[in-house]
Number of protein chains: 4
Amino acid sequence: MKKICWNYRTPGIPDELFVRGNVPMTKEEVRAITLSKLRLREDSIVVDVGAGTGSIAIEAAQLCPKGKVIAIERKEEGVALIRENCTRFQVEVEILHGNAAHKLKAIEVFDRVIIGGSGGELEEIIQLCYDKLTKDGRIVVNSITLETLYTSIQCLEKIGFSYVEAVSVNVARGRKVGRYTLMEAINPIYVISGVKT
Amino acid sequence: MKKICWNYRTPGIPDELFVRGNVPMTKEEVRAITLSKLRLREDSIVVDVGAGTGSIAIEAAQLCPKGKVIAIERKEEGVALIRENCTRFQVEVEILHGNAAHKLKAIEVFDRVIIGGSGGELEEIIQLCYDKLTKDGRIVVNSITLETLYTSIQCLEKIGFSYVEAVSVNVARGRKVGRYTLMEAINPIYVISGVKT
Amino acid sequence: MKKICWNYRTPGIPDELFVRGNVPMTKEEVRAITLSKLRLREDSIVVDVGAGTGSIAIEAAQLCPKGKVIAIERKEEGVALIRENCTRFQVEVEILHGNAAHKLKAIEVFDRVIIGGSGGELEEIIQLCYDKLTKDGRIVVNSITLETLYTSIQCLEKIGFSYVEAVSVNVARGRKVGRYTLMEAINPIYVISGVKT
Amino acid sequence: MKKICWNYRTPGIPDELFVRGNVPMTKEEVRAITLSKLRLREDSIVVDVGAGTGSIAIEAAQLCPKGKVIAIERKEEGVALIRENCTRFQVEVEILHGNAAHKLKAIEVFDRVIIGGSGGELEEIIQLCYDKLTKDGRIVVNSITLETLYTSIQCLEKIGFSYVEAVSVNVARGRKVGRYTLMEAINPIYVISGVKT
């Protein structure tokens, strides 16, 4: 297993450095924005719900050397990938394999939470996050569907999060074809965030 | 002067925290991507060419506590804003007031350079950056025009930068109007980057 | 009053040819897409709900010389603008001034309907449209908010429209500044459509 | 061969109605914008350079019943597809198989030209178009690369076209996955246009 020593202070590790399998991954430009909305501290306790390949969890672990990152993932394939990527990047992430709501209940308290996947229980999960977040704790939801986008905004507001914000991100990347730069779109992502005040 | 203690490890300081005047500013989501493409180390020497309000320089200064940030800006109004923002965020940035090419020549060597404005001398500036960058040094150009986009790609390739890459970033932000979230677009930005290998 | 003879077969009349006032207008590129989703016939009876400046109604009137276009608008300012634009482009549009749901009830039947504004009664309006549309009739909703986007999709599906579709449209236009082309974004629009089968 | 009777006055025939093969096709939303920038008259003589599947040529033929559409395509596969699509939509398009510049020289005069592909001879082709266009004739270039975008703007301005304009179009389409609407991006397209005055 090739090890990678990522010595940079800035998030946005290139996608191709991660082991990916067939699990969808948050692209590096979107990850940079997502992590910026999380506003991590070096001692933050961060939960990644629906961690997928673990790309966000791993970046968070590097940014929070005095904190802790917990990744919740219900698919075996995802759990294996997160584990592999942790080894590759030599970071420690606590991996919880199972249902998001169930696993969230088992965590006592955290400062930051990113929801990348919810398995259809989004509202319950957001309520649980609100209950468990510390004061000034932050939540970020990454959505690729219009329904999760809408429900996240509605839930965050209803449950009582402050500074609820939604941004849409459309990134396209140039791919070199001969002397031409062909622009290829990444699917749009909606990044919703809020603060427990 | 209100001071702000930005204790987070992640870039993407909210736009409204900066003193802005009438100078255009790189928006927070774009700044997060730009800084991620710069791949800063804690000891990087960073040059910000056409620093504007200084928002990128200030974030860089916070990310590189053992390095140094130099901001070049030709407009008096910009210089004053950078100075104000440095005071506000309590970071140190060396400010060079004047023509970009002229000021770049006076700097011995640096590890990272971000070009946010070029005053029409883009090609000369990129060549100067190549000459002064250390090995594995990185350049990022932020462009809002099609001409700077094209010229940057052409120049970076011709001069010999490796891993030349261009991404376009279209962000829209939700603004609450009553119970509605109205999506407002930020102008598209092109982020071009390369490495001196 | 300057009269304009628009002799083209293709929709997408330039924005600046319309009298606009302070009323928001569907931009020409979005109008071209919106009208394409409406699939107008030369004899279509078309209703424009929340017609604003009347730009869509006027293009529809030109495309349906053997049909009829009815524009519903509740603001006096809008009604005056639609009237002015009809004179300018020398087309006939029946203008109904008042509440959308109320006015829709007074129309017997129509083949196409575009909803550009709903005054908060979106669900009732969509139901009314379904009731009044002829077989194979088409509905298009243009939305600038996430709530109208979501509600439109939900309603169209629940009420029984077929081929429900949503596209997001992000257009930026080059503005010449000296020898540079500065890209300026138009706010994103969501275009939702369906068919009564 | 299934025949399709497209009885609508508005462009934007759904992509899936065309025979496509492996040839890239201008997507329906982009086609609607492209055709709107062409401003077709019912008697326009239109040339489609690099016609691909012929989707634009076929829409143009339907919009210009008293005019004529000529499609230039250098690949055999493209020529066969254009022919098939003409049969399917029951429209007449004159197909010229071969090099774009060479074939353009053989056409005496035309009112509108759309360039979808140039085979690397973009500048010569644009000059030829200028020479052969009638007064008030219009040119539109659809580009998926940054180089063609830049070169088109430069050429159109240098050669003497008026009202040179560039827009970027980012469309994403909702795809239903269970009860979710997943937004899938179409690659960005740049639409450049000008008028011979």
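Residues numbered from 1 in each chain as written. Chains lettered and ligands numbered in written order. Predicted model: local features only at pLDDT ≥ 70, side-chain atom pairs only at ≥ 80, totals over all residues. Heavy atoms only, no water.

Looking at an unreviewed UniProt entry, chain A carries the name Cobalamin biosynthesis bifunctional protein CbiET, with the source organism given as Thermotalea metallivorans.

Okay, the overall build of chain A next. A tally of regular secondary structure across chain A gives six helices and eight strands. Ordered by position in the sequence, the α and β elements of chain A form the string α-β-α-β-α-β-α-β-α-β-α-β-β-β. Here the C-alpha atoms of chain A give a radius of gyration of 16 Å, agreeing with the 16 Å that 2.2 N^0.38 yields for 197 residues. Projected onto its principal axes, the C-alpha coordinates of chain A cover approximately 55 × 35 × 30 Å. (Helix = DSSP H or I, 4+ residues; strand = E, 2+ residues; numbered from the N terminus. Rg over C-alpha atoms; globule rule 2.2 N^0.38 Å.)

Take the interface of chain A and chain B next. Taken together, the 37 residues of chain A in the interface contact 37 residues of chain B. Both faces considered, chain A and chain B share a buried interface measuring about 3,200 Å² in area, 52% of it formed by carbon and sulfur atoms. Our enumeration of links across chain A and chain B arrives at eight salt bridges. We note a salt bridge from B:Lys176 to A:Glu157, for which the minimum N-O separation is 2.8 Å. The tally of links between chain A and chain B comes to 15 residue pairs in polar contact (both at pLDDT 80 or more). Listed by contribution, the elements that provide at least two residues to the side of chain A that touches chain B are helix 1 (28–38), helix 2 (55–63), helix 6 (146–159), strand 6 (162–177) and strand 7 (180–185) of chain A. The leading source of residues in the side of chain A that touches chain B is strand 6 of chain A, at ten residues. Here the residues of the side of chain A that touches chain B sort into 17 nonpolar, nine polar and eleven charged. (Contact = heavy atoms within 4.5 Å. Buried area = accessible area lost by both parts, 1.4 Å probe. Salt bridge = Lys/Arg side-chain N within 4 Å of Asp/Glu carboxyl O. Polar contact = N/O pair within 3.5 Å; in protein donor to acceptor, adjacent residues only side chain to side chain. Nonpolar A, V, L, I, M, F, W, Y, C, P; charged D, E, K, R; others polar.)

Evaluation of the coordinates by the stated rule reveals 64 salt bridges over all chains. For A:Lys135, the salt bridge identified is with A:Asp136, shortest N-O distance 3.6 Å. The partner of B:Arg173 in a salt bridge is B:Glu28, and the shortest N-O contact between them spans 3.9 Å. Taken together, the residues span a long stretch of sequence, with B:Arg173 in strand 6 (residues 162–177) and B:Glu28 in helix 1 (residues 28–38) at a distance of 145 residues.

Below, the discussion takes up the confidence of the model for chain A. When the pLDDT values of chain A are averaged, the result is 96; 99% of them are 70 or greater. Reported for the predicted complex are a pTM of 0.96 and an ipTM of 0.96. (pLDDT = per-residue confidence, 0-100.)

On to the side chain of B:Glu29, then. Inspection of the secondary structure assignment puts B:Glu29 in helix 1. A residue is classified by how much of its surface remains accessible, and B:Glu29, at 1% relative accessible area, is buried. Once residues within four sequence positions are removed from consideration, B:Glu29 is found in contact with A:Ile33, A:Lys37, A:Val167, B:Val171, B:Arg173 and B:Ile186. (Buried < 20%, exposed > 50% of the residue type's maximum accessible area, 1.4 Å probe, protein only.)

Before going further, it helps to examine the relation of the copies chain D and chain B. One chain copy maps onto the other through a rotation about an axis and a shift parallel to that axis. For the pair chain D and chain B, the relating rotation is 180 degrees, the translation along its axis is 0.0 Å, and the fit reaches an RMSD of 0.0 Å. Both chain copies can therefore be described as sitting about a two-fold axis. Closest approach to the rotation axis within chain D is made by the C-alpha atom of D:Tyr150, at a distance of 3.4 Å. Comparing interface residues between copies, 100% of those in chain D also lie at the interface in chain B; the contact surface is shared. (Least-squares fit on C-alpha atoms with pLDDT ≥ 70 in both.)

It is common to give the size of an interface as the accessible area lost on bringing the parts into contact. On the chain B side, the residues contacting the nine residues of chain D number nine residues. Regarding the contact of chain D and chain B, the summed buried area is about 770 Å², with carbon and sulfur atoms giving 70% of it. On the chain D side of the interface with chain B, the three residues burying the most area are D:Leu146, D:Glu147 and D:Tyr150, jointly 56% of the side's total. One can count zero residue pairs in polar contact (both at pLDDT 80 or more) joining chain D with chain B. Secondary structure elements with two or more residues in the side of chain D that touches chain B: helix 6 (146–159) and strand 6 (162–177) of chain D. If you tally residues by element for the side of chain D that touches chain B, the top one is helix 6 of chain D, at six residues. Grouping the constituent residues of the side of chain D that touches chain B by class yields six nonpolar, two polar and one charged.

Trans peptide bonds make up most of the peptide bonds, and negative phi angles are found at most residues other than glycine. Phi at C:Arg39 is positive, roughly 45 degrees, even though this residue is not glycine. Note that C:Arg39 resides in the loop between helix 1 (28–38) and strand 1 (45–49).

Quick look at the relation of the copies chain A and chain B now. Each copy superposes on the other: chain A lies on chain B with an RMSD of 0.0 Å after a rotation of 180 degrees and an axial shift of 0.0 Å. Here 100% of the contact residues of chain A are again contact residues in chain B; the copies associate through an equivalent surface.

Let us now look at the environment of A:Pro24. Locating A:Pro24 in the fold gives a position in the segment before helix 1. The exposure class assigned to A:Pro24 is exposed, which follows from its relative accessible area of 71%.

The subject of this paragraph is the nonpolar core. By size, the foremost hydrophobic cluster in this structure holds 69 residues, and its most contacted members are C:Leu40, C:Phe89, C:Val93, D:Leu40, D:Phe89 and D:Val93. Counting residues in each nonpolar core, the second largest holds 68 residues, with A:Val30, A:Leu63, A:Ile114 and B:Cys86 among its members. (Core = buried A, V, L, I, M, F, W, Y, C linked by side-chain atoms within 4.5 Å.)

Residue and element names in this part refer to chain C. The element helix 2 (residues 55–63) is largely enclosed, with a buried count of eight among its nine residues. Buried within helix 2 are the following residues: Ser55, Ile56, Ala57, Ile58, Glu59, Ala60, Ala61 and Leu63. For helix 2, the elements touching its buried residues are helix 1, strand 1, strand 2 (68–73), helix 3 (76–89), strand 4 (110–115) and strand 5 (133–143).

Interhelical geometry of helix 6 of chain A versus helix 6 (residues 146–159) of chain C gives an angle of 125 degrees and a closest axis separation of 10 Å. Of the possible angle classes, the one that applies to helix 6 of chain A and helix 6 of chain C is oblique. The handedness of the crossing between helix 6 of chain A and helix 6 of chain C comes out as left-handed. For the pair formed by helix 6 of chain A and helix 6 of chain C, the contact residues are A:Leu146, A:Glu147, A:Leu149, A:Tyr150, A:Ile153 and A:Gln154 on the first element and C:Leu146, C:Glu147, C:Leu149, C:Tyr150, C:Ile153 and C:Gln154 on the second. Each residue belonging to the contact of helix 6 of chain A with helix 6 of chain C can be placed in one class, and the counts come to eight nonpolar, two polar and two charged. (Axes fitted to C-alpha atoms, helices over the stretch in contact; angles between N-to-C directions. Parallel < 35°, antiparallel > 145°, perpendicular 65-115°, else oblique. Left-handed = near helix turned anticlockwise from the far one by under 90°.)

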